Amino acid sequence: LMAAYTELVAHHGYASVTVTTVVAHAAVSREAFYAAFDDLAGCADAAYERFIAVLLGELAQAVDRATDWHALVEAAIRAYLETLQADPVVARAMQVEMDAAGKPARVRRRTALKQMADVLAARHAEVRRGDPSLGPLPDEAFLGYVYAMRQLASDLLEDDPEPDLLALIEPTVRAQQSSV
């Protein structure tokens, strides 16, 4: 049901998806839908939570292996974009279309982005303990990195039917390395 919901949102937009279209696409009954979710918003929330859990897992795993700041940033950018590129339908639905779900979805997005920034901040603190020459960064810097990457990816997902998200890795890594 979550996959059906996500595919429909990616292809037809948030506003056009209904319980009727989800159950038809998933080839299940309305009863099966309502046995799993209270309503369409519950299905959307579950799909988004799964999306964020996967992103956070990939991000945490990637940055855990980084030994210095530049490697940390590259690992984070690469993990984020590779995860999105692995399933552009899910990425388009969750990064572009879900914003149309209103304020609760935007609050959920901000919470998720803050979680990603917290992963980076925690790993930065660990790397910094091993390299005291690495200066402190405010929390807003990590959030800024996450927001910037999300926006670049979202724009590409929205504008290109077959986006090459991995093409963003090299220029964003290079920009970060030349700014520090």
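Right above here is the structure, for reference.
Residues numbered from 1 in each chain as written. Predicted model: local features only at pLDDT ≥ 70, side-chain atom pairs only at ≥ 80, totals over all residues. Heavy atoms only, no water.

Quick word on the packing of aromatic side chains
Part 1 of the reasoning: Under the criterion given, the structure shown has five aromatic pairs.
Part 2 of the reasoning: Summarising the aromatic geometry, the rings of Phe33 and Tyr34 are spaced 5.2 Å apart at their centres and angled 85° between planes, so their arrangement reads as edge-to-face.
Part 3 of the reasoning: Relative to Tyr145, the ring of Trp69 lies with its centre 6.0 Å away and its plane at 45°, an arrangement referred to as tilted. In this pair, Trp69 is assigned in helix α5 (residues 69-86) and Tyr145 in helix α8 (residues 139-159), connecting sequence segments 76 residues apart.
Part 4 of the reasoning: Since its relative accessible area comes to 7%, Trp69 is described here as buried.
Part 5 of the reasoning: The rings of Phe33, Tyr34 and Phe37 are connected pair by pair, giving a single aromatic cluster. (Phe/Tyr/Trp six-rings, centres within 6.5 Å; stacked < 30°, edge-to-face > 60°. Helix = DSSP H or I, 4+ residues; strand = E, 2+ residues; numbered from the N terminus. Buried < 20%, exposed > 50% of the residue type's maximum accessible area, 1.4 Å probe, protein only.)

Section: helix α2 (residues 19-26)
Part 1 of the reasoning: Three or more residues of α2 are buried, namely Val19, Val22 and Val23. An end-on view of α2 places all buried positions within 95° of arc, on one side of the element.
Part 2 of the reasoning: Of the residues one or two after α2, Ala27 is the one with positive phi, at around 60°. (Arc of directions from axis to C-beta.)

Brief notes about the nonpolar core
Part 1 of the reasoning: Of all hydrophobic cores here, the largest spans 52 residues; its most connected members are Tyr5, Ile52, Tyr80, Leu81, Leu84 and Met116.
Part 2 of the reasoning: Those elements that place two or more of their residues in this core are α1 (2-12), α2, α4 (40-64), α5, α6 (88-95), α7 (103-130), α8 and α9 (169-179).
Part 3 of the reasoning: In this structure Leu84 touches Phe51, Leu55, Ala91, Gln95, Ala153 and Leu165, once residues within four positions along its chain are discounted. (Core = buried A, V, L, I, M, F, W, Y, C linked by side-chain atoms within 4.5 Å. Contact = heavy atoms within 4.5 Å.)

Looking at empty space enclosed by the protein
Part 1 of the reasoning: Applying the stated criterion across every chain yields a total of one cavity of 30 Å³ or more.
Part 2 of the reasoning: Each pocket or cavity is described by its volume, and for the largest cavity that value is around 50 Å³.
Part 3 of the reasoning: Considering the residues around the largest cavity, the lining is formed by Tyr48, Phe51, Ile52, Leu55, Tyr80, Met94, Gln95, Arg109, Ala112, Leu113, Met116 and Arg150.
Part 4 of the reasoning: Of all the elements in the fold, those that place two or more residues in the lining of the largest cavity are α4, α6 and α7.
Part 5 of the reasoning: Classifying every residue of the lining of the largest cavity gives nine nonpolar, one polar and two charged. (1 Å grid on protein atoms, 1.4 Å probe; cavity = no way out; pocket = protein on both sides within 12 Å on 5 of 7 lines; lining within 4 Å. Points joined across faces, edges and corners; volume = space filled by probe spheres on them. Nonpolar A, V, L, I, M, F, W, Y, C, P; charged D, E, K, R; others polar.)

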